[in-house]
Amino acid sequence: MRALRLRRRKLSRKWLFRCRALRQYRAHFIYNENATGHRPSIHPDVRSDCGARSGRAAAPRGAAEKLRRDHGGGSLRWRSMNTTTLDARSGTPLSQYVALTKPRVTCLAVFCAVIGMFLATPGLVPWPVLLGGTVGIWLLSAAAFALNCLIEQKIDAKMARTARRPSARGEISRLRILTFAFVLGALGVWTLCTFTNALTMWLTLATFIGYAVIYTIFLKPATPQNIVIGGASGAMPPALGWAAVTGHVPGDAWILVLIIFVWTPPHFWALALYRRKEYAKSGLPMLPNTHGEAYTRLHILLYSIVLFPVTLLPFISGMSDVLYLVVAVSLGAVFVGYAWKLYTRYSDAFARKAFQHSIIYLALLFAALLVDHYARIRIADWLV
């Protein structure tokens, strides 16, 4: 009898655990209905009422997995006996506001700006300028991304890649997001004006307007070339960093801007390829949906080929030396190899891999510029 009671208790715990998972999935469906305007159908295997322990069959073991496969309700990873990642909220209030700033993209932009600061001077960047410029550019970049999340709230709710953003889930009100973006932007303007110079402040503010307003509101929903035209805003960080140190933007700074500008289309179109169904659902005119996958893969290859000689311009102009040249040629050959394979043997998995590699490529390329810059100075000092 004791063994039978233990068996019943164990089965009861399993039954309760599955019912919790199903209730959370149903709550997720209700949210999707509010966000997208239609209610997904429920799999027949999970329509049984979990409120009755007897007289009805409990949900089968694979019910939650079938729901995920059939309706794309997101991954279900068991953390403990009573919690899942598919919670009512996506994290603490602080983490939700941080998510609005797109921290990974912001960090890459700030990294390129910092590289521009160090390349602008033969010595070290003064600490007030370095810290003030970095924080100010980060604040305005974060404000632009937060405003982007606000404007694209309904679009983000339709895409699996962005549906978990606090703005798309409705966890932060539109007024709070707008206030958050305004506060970040105002602090960024004050920081740049106080610790750097007026030119850096105005250039960064123009970049903010170019991305958050011109690109997000006008270009992105209007033309499949949105990422090409709007890429000018995303390519500005090296010029912003250079201006913060010197107070002007010479030709070498614009070479760095050109590198990021040409890198942006193959980087983003790789993402658009393996997310093409989501972009079609959102209604945005991305190149794979308006001109086809083959056309997009061809343009990724063409832009990658053009990017190769563009990355050699720092060596040609005398801004860098042989160390950077070797790294740029090596990285460029691999980048073109990825584009060629994407063009000839496409798969969604490889498109995702190419997208991730493009981020690493840009970071390594700019890191090589920095290492080469100070290696040249050390060698010159040694020779003298």
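One can find the structure itself at the top, above this paragraph.
Bear in mind that the values here come from a model prediction, so they are computed numbers and not experimental data.

## Some words on the overall build of the protein
Here is step 1 of the chain: Summing up its helical and strand segments, the protein has 18 helices and 0 strands in all.
Here is step 2 of the chain: Counting across all 384 residues of the protein, residues that qualify as buried make up 46%.
Here is step 3 of the chain: Considering only intrachain contacts with a sequence separation of at least 6, the fraction spanning at least 24 residues in the protein is 73%.
Here is step 4 of the chain: Taken as a whole, the protein presents about 19,500 Å² of accessible surface, with 64% of it coming from carbon and sulfur.

## Observations concerning the packing of aromatic side chains
Here is step 1 of the chain: Tallying each qualifying case throughout the model produces 11 aromatic pairs.
Here is step 2 of the chain: Relative to Tyr374, the ring of Phe118 has its centre 6.2 Å away and its plane inclined at 70°; by these criteria the two rings are edge-to-face. With Phe118 in helix H4 (residues 103-119) and Tyr374 in helix H18 (residues 348-383), this pair connects stretches of sequence that are 256 residues apart.
Here is step 3 of the chain: Since its relative accessible area comes to 16%, Phe118 is described here as buried.
Here is step 4 of the chain: Residue classification places Tyr374 among the partly exposed residues on the basis of a relative accessible area of 21%.
Here is step 5 of the chain: When the ring of Trp340 is compared with that of Tyr343, the centres are 6.2 Å apart and the planes differ by 45°; the resulting orientation is tilted. One end of the pair is Trp340 and the other is Tyr343, both in helix H17 (residues 322-344) and 3 residues apart, which spans about a single turn.
Here is step 6 of the chain: Three or more aromatic residues joined by ring pairs form one cluster here, namely Phe145, Tyr211 and Tyr215.

## Notes on the nonpolar core
Soluble globular proteins: nonpolar side chains tend toward being buried together.
Here is step 1 of the chain: Of all hydrophobic cores here, the largest spans 89 residues; its most connected members are Ile259, Tyr279 and Phe366.
Here is step 2 of the chain: For this core, the element with the highest residue contribution is helix H12 (residues 251-274), accounting for 15 residues.
Here is step 3 of the chain: Two domains each put at least three residues into this core: domain 1 (92-248) and domain 2 (250-383).
Here is step 4 of the chain: Not counting residues up to four positions away in its chain, the partners in contact with Ile259 are Leu307, Val310, Thr311, Pro314, Tyr324, Leu365 and Phe366.

## Some remarks on the pattern of salt bridges
Here is step 1 of the chain: Applying the stated criterion across every chain, the model contains 7 salt bridges.
Here is step 2 of the chain: A salt bridge links Arg169 to Glu171, with the shortest nitrogen-to-oxygen separation between them at 2.7 Å. For the residue pair Arg169 and Glu171, the accessibility class agrees, reading buried in each case.
Here is step 3 of the chain: Salt bridges sharing common partners tie together Arg276, Glu293 and Asp348.

## A closer look at empty space enclosed by the protein
If a probe the size of a water molecule is rolled over the atoms, the empty space left behind becomes visible.
Here is step 1 of the chain: For the structure shown, the criterion picks out 1 cavity of 30 Å³ or more.
Here is step 2 of the chain: Sorting the residues of the lining of the largest cavity by element identifies H12, helix H15 (293-310), H17 and H18 as the ones contributing at least two each.
Here is step 3 of the chain: Residue composition of the lining of the largest cavity, grouped by class: 9 nonpolar, 3 polar and no charged.

## A few points about the environment of Leu284
Here is step 1 of the chain: Here Leu284 is to be found in the loop between helix H13 (276-282) and helix H14 (287-290).
Here is step 2 of the chain: Excluding residues within four positions of it along the chain, Leu284 makes contact with Ile155, Lys220, Pro221 and Tyr279.

## What to know about unusual backbone geometry
Here is step 1 of the chain: Positive phi is not limited to glycine here, since Lys102 has a value of about 50°.
Here is step 2 of the chain: By secondary structure assignment, the location of Lys102 is in the loop between helix H3 (93-100) and H4.

## Points about a positive patch on the surface
Here is step 1 of the chain: Taken together, Lys154, Lys158, Arg174 and Lys281 make up a surface patch of like positive charges.
Here is step 2 of the chain: On the secondary structure map, Lys281 appears in helix H13.

Conventions we followed
- Residue positions are counted from 1 within each chain, in the order its sequence is given.
- Predicted model: local features are reported for residues with pLDDT of at least 70 only, side-chain atom pairs are reported and counted for 80 or more only, and whole-chain, interface and lining totals are derived from all residues.
- Water and hydrogen atoms were dropped before computing side-chain values, which therefore reflect all heavy atoms in the structure.
- Secondary structure elements follow DSSP: runs of H or I of four or more residues count as helices, runs of E of two or more count as strands, with numbering from the N terminus.
- The classification of residues rests on relative accessible area computed with a 1.4 Å probe and restricted to protein chains. Under 20% of the type maximum is buried, over 50% is exposed, and intermediate values are partly exposed.
- In what follows, residue pairs with any heavy atoms lying within 4.5 Å of each other are defined as contacts.
- Calculation of accessible area relied on Shrake-Rupley with a 1.4 Å probe; when residues are assessed, cover is drawn exclusively from the protein chains displayed.
- Any two of the Phe, Tyr and Trp rings considered here, Trp counted by its six-membered ring, make a pair once their centres fall within 6.5 Å; the pair's planes then place it as stacked at under 30 degrees, edge-to-face at over 60, or tilted in between.
- What makes a nonpolar core is a set of buried Ala, Val, Leu, Ile, Met, Phe, Trp, Tyr and Cys residues whose side-chain atoms join them at distances within 4.5 Å.
- Annotation comment: domain bounds sourced from an automatic or database domain assignment.
- Whenever Lys or Arg places a side-chain nitrogen within 4 Å of a carboxyl oxygen from Asp or Glu, that contact is recorded as a salt bridge.
- Using protein atoms alone on a 1 Å grid, points that fit a 1.4 Å probe yet trap it form a cavity, whereas open point sets bounded by protein on both sides within 12 Å along at least five of seven lines form a pocket; residues with an atom within 4 Å of a point count as lining.
- Grid points are joined across faces, edges and corners, and a volume is the space filled by probe spheres set on the points.
- Polar here means any residue other than Ala, Val, Leu, Ile, Met, Phe, Trp, Tyr, Cys and Pro, which are nonpolar, and Asp, Glu, Lys and Arg, which are charged; Gly is therefore polar.
- Grouping into patches uses exposed residues only, defined as over 30% relative accessible area, and leaves out salt-bridged ones; the cut-off is 9 Å for like charges and 5 Å for nonpolar side chains (Val, Leu, Ile, Met, Phe, Trp, Tyr).
- As used throughout, the charge tally considers Lys and Arg to be positive and Asp and Glu to be negative, leaving His and the chain termini uncounted.
- Lys charges are placed at NZ, Arg charges at CZ, Asp charges at CG and Glu charges at CD.

By themselves, these are just geometric observations and shouldn't be taken as functional.
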